[in-house]
Amino acid sequence: MTTAGHEPGHGPVARALRVLLLLAYPVLSHVASLRDEGMWVALALIGLAVLCLLEPLSRRRPLAWAGLLAVSLLLFWLGGSRWAWMLLLAPPVVFPLLVAWGFARSLLPGKVPLITRIVQALYARAGMPVTPALHRYTRRLTGAWAGVLSLLAAINLGLAMSAVPDGLLAAFGMQPWWPVSHEQWSWCANVADWGLIGGFFALEYAVRSQLFPQRPYRNALDFMRQMGQLGPAFWRDLLR
């Protein structure tokens, strides 16, 4: 998983693998929901575990590899039980909430908003100043992303509670007010979620392009490429 000239877990191969694993999870999760088979649930969650542990796995940390083996064995063992499905309900709630908290905490007094720091780094590489108007915009955008992702987590929690027959309320013997099937849950959590995130990103980028036509990137793809070029040290410091 290493690439010459790059830190383990941060080279082009590792980035491509992250994208592949990120895209594979909703697909595997959706297949698991349609087929209602625990083995597909296990594969989806193992892929998610690899995504989370990619850097220490790339560094050949024994604890990371042992942890991945233990998680894989546990998931395959749980594959035939109702707990496998309940585990699948968690990521669409937990991960948006964690990312939302990352955005929100950067708005606390004494901190620089997360998107402001990214924009400052991109503009500094191009030798361009960040105007007060752009600074205000990036602060508000950081708050908007925190709100959107929190709303997404809340919606997914409601769906997880309403899922039948293995949702959170059903697990405690309670009948959901608005029950949803595995398939209906999956279309929302694994498909509609990505549409909402992608739509918000596209809408915001269009607004930003109109408000701030002078920028150091040509288009959205170049924006993403330049963000990837900021380097692992920048992203580690950003996420602290």
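Described in the following lines is the structure provided in the data block.

On to the layout of surface pockets, then. As a volume, the second largest pocket reaches approximately 200 Å³. Forming the boundary of the second largest pocket are Leu 45, Leu 48, Ala 49, Cys 52, Val 71, Leu 74, Leu 75, Leu 78, Leu 87, Pro 91 and Phe 95. Within the residue set of the lining of the second largest pocket, elements represented by two or more residues are α2 (38–52), α4 (62–78) and α6 (91–105). In terms of residue class, the lining of the second largest pocket is built from 11 nonpolar, no polar and no charged.

Okay, the pattern of salt bridges next. Counted under the stated rule, the structure contains 5 salt bridges. Residues Arg 208 and Glu 204 are paired through a salt bridge, measuring 2.5 Å at the closest nitrogen-oxygen approach. With Arg 208 and Glu 204 both in helix α10 (residues 182–211) and 4 residues apart, the pair spans about one turn of that helix. You'll find Arg 208 and Glu 204 in the same group, each marked buried. One salt-bridge network, held together by shared partners, links Arg 218, Asp 222 and Arg 225.

This part is about unusual backbone geometry. Across residues other than glycine, the phi torsion is negative in most instances, and most of the peptide bonds are trans. The phi dihedral of Arg 60 is positive, around 60 degrees, even though this residue is not glycine. Tracing the backbone shows Arg 60 in the loop between α3 (54–58) and α4. By relative accessible area, Arg 60 is classed as exposed at 67%.

Moving on, we get to a nonpolar patch on the surface. A cluster of nonpolar residues, Leu 34, Trp 187 and Val 191, forms a patch on the protein surface that exposes about 280 Å² of accessible area. With respect to the element layout, Trp 187 can be found in helix α10.

On to the packing of α10 against helix α11 (residues 220–228). Close contact between α10 and α11 brings their axes to 11 Å; oriented N to C, the two are set at 100 degrees. Accordingly, the angle class assigned to the pair α10 and α11 is roughly perpendicular. Taking contact as the criterion, the partners of Phe 201, Tyr 205 and Arg 208 in α10 are, on α11, Ala 220, Phe 223 and Met 224. When the residues that make up the contact of α10 with α11 are grouped by side-chain class, the tally is 5 nonpolar, no polar and 1 charged.

Below, the discussion takes up α6. Helix length check: α6, at 15 residues, gives a terminal C-alpha distance of 21 Å against a target of 21 Å (1.5 Å per residue), a fit within 8%. The set of residues buried in α6 consists of Pro 91, Pro 92, Val 93, Pro 96, Ala 100, Gly 102 and Phe 103.

Moving on to the nonpolar core. Ranked by size, the top nonpolar core spans 26 residues in total, and within it Leu 88 and Trp 185 carry the most contacts. Secondary structure elements with two or more residues in this core: α1 (12–35), α2, α4, α5 (82–89), α8 (132–162) and α10. If one sorts the elements of this core by residue count, α2 sits on top with 9 residues. Beyond its immediate sequence surroundings of up to four residues, Leu 88 is in contact with Tyr 25, Ser 29, Ala 32, Ser 33, Val 41, Ala 44, Leu 45 and Trp 185. If you look at the next biggest cluster of nonpolar residues, it comprises 23 residues, including Ala 121, Phe 223, Leu 230 and Phe 234.

About the thresholds
Residues numbered from 1 in each chain as written. Predicted model: local features only at pLDDT ≥ 70, side-chain atom pairs only at ≥ 80, totals over all residues. Heavy atoms only, no water. 1 Å grid on protein atoms, 1.4 Å probe; cavity = no way out; pocket = protein on both sides within 12 Å on 5 of 7 lines; lining within 4 Å. Points joined across faces, edges and corners; volume = space filled by probe spheres on them. Helix = DSSP H or I, 4+ residues; strand = E, 2+ residues; numbered from the N terminus. Nonpolar A, V, L, I, M, F, W, Y, C, P; charged D, E, K, R; others polar. Salt bridge = Lys/Arg side-chain N within 4 Å of Asp/Glu carboxyl O. Buried < 20%, exposed > 50% of the residue type's maximum accessible area, 1.4 Å probe, protein only. Patch = residues over 30% accessible without salt bridge, like charges linked within 9 Å, V, L, I, M, F, W, Y side chains within 5 Å. Areas by Shrake-Rupley, 256 points an atom, 1.4 Å probe, with all protein chains shown as cover. Axes fitted to C-alpha atoms, helices over the stretch in contact; angles between N-to-C directions. Parallel < 35°, antiparallel > 145°, perpendicular 65-115°, else oblique. Contact = heavy atoms within 4.5 Å. Expected span 1.5 Å × (residues − 1). Core = buried A, V, L, I, M, F, W, Y, C linked by side-chain atoms within 4.5 Å.

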